[in-house]
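Summary of the model geometry
Chain residues, written in single-letter form:
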Amino acid sequence: MAAATQTADDVAEDIGFALSCLRSDMVPLNTFKETLMKIIAQSDVDAIPACAFDLLDVQDRLDISRDVRLPKHVSFPKFLTDQRIDALIGLQLEQRAWQENLSNISDKRAAKALEACPEVRARFERLFGEGT
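Computed from a predicted structure; not experimentally measured.

On a plain count of helices and strands, the protein comes out with eight helices and zero strands. What you see in the protein, going N to C, is helices and strands ordered as α-α-α-α-α-α-α-α. For the protein, the C-alpha radius of gyration of 14 Å lies close to 14 Å, the compact-globule estimate for 132 residues. With the C-alpha coordinates of the protein rotated into their principal frame, the extents come out at 40 × 30 × 25 Å. Relative to its full complement of 132 residues, the protein shows a buried share of 45%. For the protein, the exposed surface amounts to about 7500 Å²; the carbon and sulfur share of it is 50%. Taken as two groups, the 16 positive and 22 negative side-chain charges of the protein have centres that lie 4 Å from each other.

Listed below in structure tokens is the structure:
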């Protein structure tokens, strides 16, 4: 989880990654909010973007774009390069093997990206815990 020594950019990256997981249905809204509260609790107040508190008030994940003004560095975290987005899809497919792949990449490509980017799984587990 976020340490108090993280910079504002680090905190925004964690929130942005968690938000990407929510948007891709990898975690439900309540799990996202629990993680967001942990990030806030473990971060210096000056490092927390104002949108973090607005995100806690959202009642439906589909309302985020309409109800919360997200700075670009939260909406599009630098951590999520094209290959890491593919790896995130690979992680999603792994977690939801029963669900059809609706992305624009193949299962094989997503799995290879996940293998090449173990930091995606590590960040997911750090933020949400194993087995989420």
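That shown, we press on.
Moving on: the packing of helix H6 (residues 82–95) against helix H8 (residues 118–128). Two measures define how a pair of helices packs: the angle their axes make with one another and the distance between the axes. Interaxial distance between H6 and H8 falls to 9 Å at its minimum, and their mutual angle equals 60°. Taken together, H6 and H8 sit at an angle that is classed as oblique. Handedness of the H6/H8 crossing: right-handed. For the pair H6 and H8, contact is made by Arg84, Ala87, Leu88, Leu91, Glu94 and Gln95 and by Glu119, Val120, Arg121 and Phe124, respectively. A class-by-class count of the residues in the contact of H6 with H8 yields five nonpolar, one polar and four charged.

Time to look at the packing of aromatic side chains. When we look at a pair of aromatic rings, we describe it by the centre distance and by the angle of the planes. Here the structure, examined in full by the defined rule, presents two aromatic pairs. Where Phe17 meets Phe79, the ring centres are 5.6 Å apart and the plane angle is 80°; that geometry is what we call edge-to-face. Of this pair, Phe17 sits in helix H1 (residues 8–23) while Phe79 sits in the loop between helix H5 (72–75) and H6, and the two are 62 residues apart along the sequence. With relative accessibility at 13%, the residue Phe79 sits in the buried group. Between Phe124 and Phe128 the ring centres are 5.0 Å apart and the planes differ by 40°, which places this aromatic pair in the tilted class. Taken as a pair, Phe124 and Phe128 lie in helix H8 at a separation of four residues, close to a single helical turn. For Phe128, a relative accessible area of 10% gives the class buried. Its end group placed over the ring of Phe17, Arg123 keeps NZ or CZ at 5.8 Å from the ring centre.

What counts and what doesn't
Residues numbered from 1 in each chain as written. Predicted model: local features only at pLDDT ≥ 70, side-chain atom pairs only at ≥ 80, totals over all residues. Heavy atoms only, no water. Helix = DSSP H or I, 4+ residues; strand = E, 2+ residues; numbered from the N terminus. Rg over C-alpha atoms; globule rule 2.2 N^0.38 Å. Buried < 20%, exposed > 50% of the residue type's maximum accessible area, 1.4 Å probe, protein only. Areas by Shrake-Rupley, 256 points an atom, 1.4 Å probe, with all protein chains shown as cover. Lys, Arg positive; Asp, Glu negative; His and termini not counted. Charge placed at Lys NZ, Arg CZ, Asp CG, Glu CD. Axes fitted to C-alpha atoms, helices over the stretch in contact; angles between N-to-C directions. Parallel < 35°, antiparallel > 145°, perpendicular 65-115°, else oblique. Left-handed = near helix turned anticlockwise from the far one by under 90°. Contact = heavy atoms within 4.5 Å. Nonpolar A, V, L, I, M, F, W, Y, C, P; charged D, E, K, R; others polar. Phe/Tyr/Trp six-rings, centres within 6.5 Å; stacked < 30°, edge-to-face > 60°. Lys NZ or Arg CZ within 6 Å of the ring centre and 35° of its normal.

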